[in-house]
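The lines below spell out each chain.
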Amino acid sequence: MSKTFGVTTETFLVLAWAARQPGLRERLIQVHQQSRKSELALRSSLTGAIPFVFEDPVYGPAYQGLLLHRLAQVDWGFACWALEAYAGVHLKESDDPGTTGKGAQVSPQAGEETALLWQAITETDRLVERLRRQVRAVDGSVFRGAQLLRLHFLLHLPLLVRTNECPFFVHEMLIMSLERVNWRDLAARLLGVSFSGEQTPEDDAGSGEEDEALCAATLLELIAAAGANVGEYVLEPKLSRQMRDECAELAEMCGATLRELRRLWELERGETQAALTDQ
Amino acid sequence: MSKHPSWSCPVDSKTLVILAWCSTLDLRLHLERKRREQPRKRLPQLLDEVLYASIDDALACFDGDPIYGPLWVSLARYGLASVDVERVTSAIALEGLIEPLSGVFCSDDPYVPARQSGGPADETEAFWQAVTAHSPLAQRLQRFSESWQGDSCRGSCELRAFFLWYLERVQPYLHMPFFLRELLRASLASVDWHAISARVLQGPARPACCCDASSSQPEPRGVQAQILGEVFRLVDAEIGLYSSELPEPLRTQALFLRDLCRETARALQSCVTTTGA
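Note that the structure is a prediction, hence the values are computed from the model and not measured.

1. Some words on the overall build of chain A
Argument step 1. Scanning chain A from N- to C-terminus turns up 13 helices and 2 strands.
Argument step 2. Of the contacts made within chain A by residues no fewer than 6 positions apart, 76% connect residues no fewer than 24 positions apart.

Put into structure tokens, the structure is as follows:
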């Protein structure tokens, strides 16, 4: 075979997923022979494999926008050719300098992901209020607000795509998109302050540090996730009544612990703020 | 712009999955670091080393699963043995650093490297080698077998369901890269569960039968309870990880929740034992 084409991560993820679907390759070859529309068949197979995780009214639109943006980068034709053994592919780096392999985390192209996420956030009142509250809670600092936002979206991801049926490319593409979001820009927008895009001394001092606020936020998200996970078993008919009761009790305790931790955290923060004001 | 190689190699879906995973790594950064460390070595050789090291790093995620981790490592290594890493790195271009030597395409008749002698012959042997080398795992399987009432068919059915389900559940907690999950799913699907359950029961291996272990039946109730118990143990460990650095009284609250997780896991276990669910 003489033809080979360079393709990026998005295409390789789709190709690898498609190669593992029983019967899909044979079907694509058949479609190609009959109508040369195997690209459409691959797209529809992939769309059909995405579970209904994006129906979540709060977070669904935000993640869906990011996933669709990544899927738009797939070279469908080359993926089909490599599946049908019509041409070979090799891995090339993306032209986007913000992608893995070329260093910088936040590139000018990160604007696309940031704009998409911002649009999705502002379209959901509950989400924008929730995030605004979180960002304001870390002393109005853009840098720390950005860290919290990043953590928030990364930790909600497994909650959303934890179903067994969720194909690996969904998770990987969402992670790719989240890595390209300019979180400081988003935090500044939520705080209603201007964002210069330049690194500040605060960034340098705080970068890489997991401070107490972030640690507490992580714990709260984890307990929320644990409560949701355990709660799924409460109505599981395959478990005995006794077991379901245990699950219900633990899920309830997760909720109570979450509320109590939030209360304590707010209290501590209030005390810290008061001490700072006194000084 | 990188050159396009003049030929392509037929590969299987495992190789494509590993290439897809490679594409998510910062290969440029790793390769440049390697080149600084070993300037005399050829870049393709260094890229092979980068990939081997990255795979080893990925396998380290199983350290977080003290009971089943060695089993996952054994099965993953067995799956990886059928992937030619050099074939993978040959299909990678890093502009200004390395040119691709060949492309890849999906094939029913892929190139598969010869297995090195001395390794397990198949997935069942890889599974059993991990069990015999790791006593906590052997004890856990022994405990499972208490509810089988000597029936190896029931055991094989429960083992198959347990490990497939547990793999899905444990993945996010271990931050398992997707290529390992795909390899393990393929390996678990090839394990002869009748042979494993017979060995756990220390009975003679039975010929293959048409019981649930070879089909996609819903998980038995006992299996769900076992999995739920494992989930609680994982949640307990995860909360412990993040709560240790918290100030009081936040930490006390978190410890309280950990205790509850443990108690619930214990209560579930006693439910399984007393009801034989």
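2. What to know about the interface of chain B and chain A
Argument step 1. Listed per partner, the contact involves 70 residues of chain B and 61 residues of chain A.
Argument step 2. Roughly 5600 Å² of surface becomes buried between chain B and chain A when both sides are summed, with 67% attributable to carbon and sulfur atoms.
Argument step 3. Applying the counting rule to chain B against chain A returns 3 salt bridges.
Argument step 4. Where Arg 28 of chain B meets Glu 93 of chain A, a salt bridge forms, and the shortest distance between an N and an O atom there is 2.7 Å.
Argument step 5. At the boundary of chain B with chain A, the tally comes to 11 residue pairs in polar contact (both at pLDDT 80 or more).
Argument step 6. At the level of elements, helix 1 (13-23), strand 2 (103-106), helix 8 (152-174), helix 9 (178-190), helix 11 (221-243) and helix 12 (250-275) of chain B are the ones that each hand at least two residues to the side of chain B that touches chain A.
Argument step 7. Per-element tally for the side of chain B that touches chain A: the top contributor is helix 12 of chain B, with 12 residues.
Argument step 8. Tallied by class, residues from the side of chain B that touches chain A come to 41 nonpolar, 14 polar and 15 charged.

3. Side note on the packing of helix 8 of chain B against helix 10 (residues 193-200) of chain B
Packed helices, taken two at a time, are described by the angle between their axes plus the distance between the axes.
All names here are of chain B.
Argument step 1. Close contact between helix 8 and helix 10 brings their axes to 8 Å; oriented N to C, the two are set at 115°. With respect to each other, helix 8 and helix 10 are oriented roughly perpendicular. In the packing of helix 8 onto helix 10, the handedness of the crossing is right-handed. Residue-level contacts link Ser 152, Cys 153, Gly 155, Ser 156, Leu 159, Arg 160 and Phe 163 of helix 8 to Trp 193, His 194, Ile 196, Ser 197 and Ala 198 of helix 10.
Argument step 2. Here the contact of helix 8 with helix 10 is composed, by residue class, of 6 nonpolar, 5 polar and 1 charged.

4. Digging into the pattern of salt bridges
Argument step 1. According to the stated counting rule, one finds 21 salt bridges over all chains in the structure shown.
Argument step 2. Across the pair Arg 77 of chain B and Asp 56 of chain B runs a salt bridge, and its minimum N-O distance is 3.2 Å. With Arg 77 of chain B in helix 4 (residues 69-80) and Asp 56 of chain B in helix 3 (residues 43-59), this pair connects stretches of sequence that are 21 residues apart.
Argument step 3. Classification of Asp 56 of chain B as partly exposed rests on a relative accessible area of 39%.
Argument step 4. Bridged by salt links that share partners, the residues Arg 20 of chain A together with Glu 168, Arg 181, Glu 182 and Arg 185 of chain B form one connected network.

5. Here we look at the confidence of the model for chain B
Argument step 1. Per-residue pLDDT for chain B has a mean of 85; in total, 88% of the residues score no lower than 70.
Argument step 2. Across the interfaces of the predicted complex, the ipTM metric reaches 0.76, alongside a pTM of 0.77.

6. Let's talk about the environment of Leu 71 of chain B
Argument step 1. You can see Leu 71 of chain B is positioned in helix 4.
Argument step 2. Counting along the chain gives 56 residues from Leu 71 of chain B to Phe 127 of chain B, while the straight-line C-alpha distance between them is 6.2 Å.

7. Observations regarding the side chain of Thr 257 of chain A
Argument step 1. Note on placement: Thr 257 of chain A falls in helix 13 (residues 241-278).
Argument step 2. The exposure class assigned to Thr 257 of chain A is buried, which follows from its relative accessible area of 2%.
Argument step 3. In this structure Thr 257 of chain A touches Ile 223 of chain A together with Gln 253 and Leu 257 of chain B, once residues within four positions along its chain are discounted.

8. Concerning the packing of helix 1 (residues 9-19) of chain A against helix 1 of chain B
Argument step 1. Two numbers describe how helix 1 of chain A lies on helix 1 of chain B: the axes approach to 8 Å, and their chain directions differ by 155°. By the angle between their directions, the pair helix 1 of chain A and helix 1 of chain B is classed as roughly antiparallel. Taken as a pair, helix 1 of chain A and helix 1 of chain B cross one another with a handedness that is left-handed. The segment helix 1 of chain A lies against helix 1 of chain B, with Thr 9, Phe 12, Leu 13, Leu 15, Ala 16 and Ala 19 of chain A engaging Ser 13, Leu 16, Val 17, Leu 19, Ala 20 and Ser 23 of chain B.
Argument step 2. Grouping the constituent residues of the contact of helix 1 of chain A with helix 1 of chain B by class yields 9 nonpolar, 3 polar and no charged.

9. Things to note about the packing of aromatic side chains
Given two aromatic rings, their pairing is described by the distance between the two centres and the angle made by the two planes.
All names here are of chain B.
Argument step 1. Here the structure, examined in full by the defined rule, presents 22 aromatic pairs over all chains.
Argument step 2. Ring plane angle 85° and centroid distance 5.3 Å describe the contact between Phe 127 and Trp 193, whose orientation is recorded as edge-to-face. Highlighted residues: Phe 127 in helix 6 (residues 123-133) and Trp 193 in helix 10, separated in sequence by 66 residues. Across the pair, Trp 193 and Phe 127 agree in class, each one buried.
Argument step 3. Here the aromatic rings of Phe 162 and Phe 163 are separated by 5.1 Å at their centres, their planes lie at 85°, and the arrangement is edge-to-face.
Argument step 4. The class of Phe 162 is buried, set by a relative accessible area of 2%.
Argument step 5. On the basis of relative accessible area, Phe 163 is assigned to the buried category, the value being 0%.
Argument step 6. Members of the aromatic cluster, connected to one another through ring pairs, are Tyr 68, Trp 72, Phe 127, Phe 144, Phe 162, Phe 163, Tyr 166 and Trp 193.

Calculation rules
- Residues numbered from 1 in each chain as written.
- Chains lettered and ligands numbered in written order.
- Predicted model: local features only at pLDDT ≥ 70, side-chain atom pairs only at ≥ 80, totals over all residues.
- Heavy atoms only, no water.
- Helix = DSSP H or I, 4+ residues; strand = E, 2+ residues; numbered from the N terminus.
- Contact = heavy atoms within 4.5 Å.
- Buried area = accessible area lost by both parts, 1.4 Å probe.
- Salt bridge = Lys/Arg side-chain N within 4 Å of Asp/Glu carboxyl O.
- Polar contact = N/O pair within 3.5 Å; in protein donor to acceptor, adjacent residues only side chain to side chain.
- Nonpolar A, V, L, I, M, F, W, Y, C, P; charged D, E, K, R; others polar.
- Axes fitted to C-alpha atoms, helices over the stretch in contact; angles between N-to-C directions.
- Parallel < 35°, antiparallel > 145°, perpendicular 65-115°, else oblique.
- Left-handed = near helix turned anticlockwise from the far one by under 90°.
- Buried < 20%, exposed > 50% of the residue type's maximum accessible area, 1.4 Å probe, protein only.
- pLDDT = per-residue confidence, 0-100.
- Phe/Tyr/Trp six-rings, centres within 6.5 Å; stacked < 30°, edge-to-face > 60°.

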